[in-house]
Amino acid sequence: MATLLSVNVGIPKDVSWQGRTVHTGAWKSPVHGPRMVRRLNIDGDGQGDLAGHGGEIRAVLVYQLQSYQYWQKQLGRDDLTFGIFGENFTVDGMPDDDVCIGDRYRIGDAEFEVTQPRVTCYRVGMRLGEPAMASLLVAHRRPGFYLRVVGEGRVQAGDEITLTRKGPEELSVADTDALLYLPDRDPAKLRKALNIPALSPGWQQSFRELAAAQQPKQEPGWPGELTSAQQPREEPGWPGFKTMRVARTVPETPTVSSIYLDTTDNTPLPEARPGQYLSIRLAIGDAAPAVRSYSLSSAPTAGTYRISVKHEPHGKVSSYIHAALHPGDLVDIASPRGTFVLEEGTRPIVLISAGIGATPVLAMLHQLAATRDQRPVWWIHIAHDRAHHAFADETHALLAQLRNAHEYIYYTAETAPQLDEPHITQGRPTAQSLAAIGIPTDADAYLCGPPAFMDDLGGYLRDHGLRPERIHRERFSALPAINPGVSPTAAVRPHQPPHPPNTGPLITFARSGITTPWSPAHASLLDLAEACDIPTRWSCRTGVCHTCITHLVAGDITYSIQPLEPPEAGTILVCCSKPTTEVVLDL
């Protein structure tokens, strides 16, 4: 019979790590005598990062004596004291290969239910001083597991652990962990996992996505607001950059011009999905080539792409495009990519944009018009005034081709002339005005514009009744950071790394506009990005969780820690990769 050997608790504290402060409850120590276990945790215990740890589903973490003994040999350590793996219960018995999701156990006066394996988290490696520990726990099939408190009560070291009910499907903790993080998944086990009510919602969602032949969109355990932590699978049209010719340039407004691109050899271009973008590389002066990304603004024909670029007063690349790029010029273009794309289906469509943010949703509108799509469409656009309203006539004509289209235009300039066109309003959209135009609550909405604009309009749509997962956003800038447990600091504009320039291959972070030579002083591309204060997204830092997955626009890399499961083609895990050539990353 299994036995509870130690009850370990710890209050979250700030820990210095790699020049940052991490708020964590990973430092736990044994306590003597009985302790009350409540719905959310044990008395005297806490979690520093409730997004990935703790809560009702992950109230108690369990690790086994046998795994301690295993790691003592594997790591050559004799200093592994109970609680060092961050667990609340150190137990004799209950191996990960035998304990199943949904099993129920009585310990002392309390009853528990197994809900999921341990979250892959860098902090266990931080606690042990073993940076690769998150990966090792998965690779060696010794993750440990979480318990939900079914019945509150007191527990103490020495309590016997009694199995009171077997979970349905009898899928072990080790098999569940491998099902998510390791390759060669067993479809039968995947079906079993989806039939276990006790499995935590985050893991259920990941397995539903795997069953639909998708990569999980977020590390299980993160809240819904952090969806799209990963960049989903897409196949590039061609590797790296290819040379294309500027066919023509067309002014759209005083500040926006469209650039039409075709091939140099008249070969057909791969068809982009509506909403995707191109990355363009330009040699401007004596500096390193600059890379920027611009959305395709029309449904591409077989031989032409169109991007539309707003001239930013202090923008080096946009200024060059507007002043110096002419028909016949050759430019380097990476293939269309991006996951902000129009989805097929039957639900109504809402396309909302501000200013130059119209470009990706305009491509979607072209697609809807070209296919005479029968779905109801709401087109909502905000511009300064009529003179700065790019694509006004184009979008109006496209909407006229649709059977059930609704057009709403807002001009924000106080001096905007009064127009007698009923679809044009002076001002900005509000929650009340959006509710009044009849947007169905089952619609798919696509938003593009400044971050504050998307936050506001996304909030209005959620309040109106749209489900969060059906509100899609395109961000031209860096994606919001995911740095679990790291204490927030004042935002810093991305910059060159602090050390003197090196002679390694050039690394370009396309979203952030930073190009800098690689230095062997950096442990990974993620480490270099952090040195440049580029917003990054990660969790395990050892190639397991895929939270750091990033599109590789050009170049080649190698892995310092081999991922347990390779990422899909065209992407890399920046947390454990180093460049072997010049590299361009969509970061």
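Below or above, wherever it landed, is the structure these notes cover. Residue positions are counted from 1 within each chain, in the order its sequence is given. Totals for whole chains, interfaces and linings use all residues, but because this is a predicted model, local features are given only for residues with pLDDT of at least 70 and pairs of side-chain atoms are given and counted only at 80 or more. Processing note: side-chain calculations cover all non-hydrogen atoms of the structure and skip hydrogens and water entirely.

## Structural notes on the overall build of the protein chain
Piece 1. The helix and strand labels rest on DSSP assignments: H or I over at least four residues marks a helix, E over at least two residues marks a strand, and numbering proceeds from the N terminus. Helix and strand content of the protein chain: 12 helices and 31 strands.
Piece 2. The atom set for the radius of gyration is the C-alpha atoms, and the globule formula is 2.2 Å times the number of residues raised to the power 0.38. Expected size for 587 residues packed as a compact globule is a radius of gyration near 25 Å; at 27 Å, the protein chain falls within 12% of this value.
Piece 3. Projecting the C-alpha coordinates of the protein chain onto the three principal axes gives extents of approximately 80 × 60 × 45 Å.
Piece 4. Note on classification: 1.4 Å probe, protein chains only; a residue is buried when its accessible area is under 20% of the maximum for its type, exposed when over 50%, partly exposed between these limits. Taking all 587 residues of the protein chain together, the buried fraction comes to 54%.
Piece 5. A residue counts as positive if it is Lys or Arg and as negative if it is Asp or Glu; His and the chain ends are not included. Lys charges are placed at NZ, Arg charges at CZ, Asp charges at CG and Glu charges at CD. Treating the 53 positive side-chain charges of the protein chain as one cloud and the 64 negative ones as another, the clouds have centres 1 Å apart.

## So, the pattern of salt bridges
Piece 1. Salt-bridge detection follows one rule: a side-chain nitrogen of Lys or Arg within 4 Å of a carboxyl oxygen of Asp or Glu. For the structure shown, the criterion picks out 25 salt bridges.
Piece 2. Residue Arg77 is joined to Asp79 by a salt bridge in which the shortest nitrogen-to-oxygen separation is 2.7 Å.
Piece 3. According to the relative accessible area criterion, Asp79 is partly exposed, its value standing at 39%.
Piece 4. Across the pair Glu469 and Arg467 runs a salt bridge whose closest N-O atoms are separated by 2.5 Å.
Piece 5. You can call Glu469 partly exposed: its relative accessible area is 47%.
Piece 6. Via salt bridges that share partners, Asp97, Arg141, Asp175 and Lys189 belong to a single interconnected network.

## Remarks on the sheet that holds strand 25 (residues 506-509)
Piece 1. With mixed pairing, 5 strands are arranged side by side in an open sheet as 26-25-31-27-29. The sheet is open, and its two borders are formed by strand 26 (514-517) and strand 29 (571-573), each paired with just one other strand. The average undirected angle you get between the axes of adjacent strands in this sheet is 35°. DSSP bridges decide pairing: two strands pair if at least two such bridges lie between them. Structural elements are reduced to axes, namely lines fitted to C-alpha atoms, with helices fitted over the stretch in contact, and the angle between N-to-C directions of any two is expressed from 0 to 180 degrees.

## Examining helix 8 (residues 358-370)
Piece 1. Helices are assigned an expected span. That span is 1.5 Å times one less than the residue count. For helix 8, which comprises 13 residues, the first-to-last C-alpha distance of 18 Å matches the rise-based estimate of 18 Å (1.5 Å per residue) to within 8%.
Piece 2. Burial runs high along helix 8: 11 of the 13 residues are buried.
Piece 3. Taken together, the buried positions of helix 8 are Ala358, Thr359, Pro360, Val361, Leu362, Ala363, Met364, Leu365, His366, Leu368 and Ala369.
Piece 4. Only heavy atoms matter for contacts: two residues are in contact if any of them lie within 4.5 Å across the pair. Check the buried side of helix 8 and you find it contacts strand 16 (290-295), strand 17 (304-310), strand 19 (349-354), strand 20 (377-383), helix 9 (392-400) and strand 23 (444-448).
Piece 5. Just downstream of helix 8 lies Arg372, where phi reads positive at about 50°.

## Some thoughts on the side chain of Thr516
Piece 1. Checked against the element boundaries, Thr516 lands in strand 26.
Piece 2. When its relative accessible area of 2% is taken as the criterion, Thr516 is described as buried.
Piece 3. Here Gln496 takes part through its side chain, which lies 2.9 Å from a polar atom of the side chain of Thr516.
Piece 4. The contacts of Thr516, once residues within four sequence positions are left out, are Gln496, Pro497, Pro505, Leu506, Ile507, Leu528 and Cys532. Here a polar contact is recorded for every N or O atom pair within 3.5 Å, except that within protein the pair must consist of a potential hydrogen donor and a potential acceptor, and residues adjacent in sequence are included only if both atoms are side-chain atoms.

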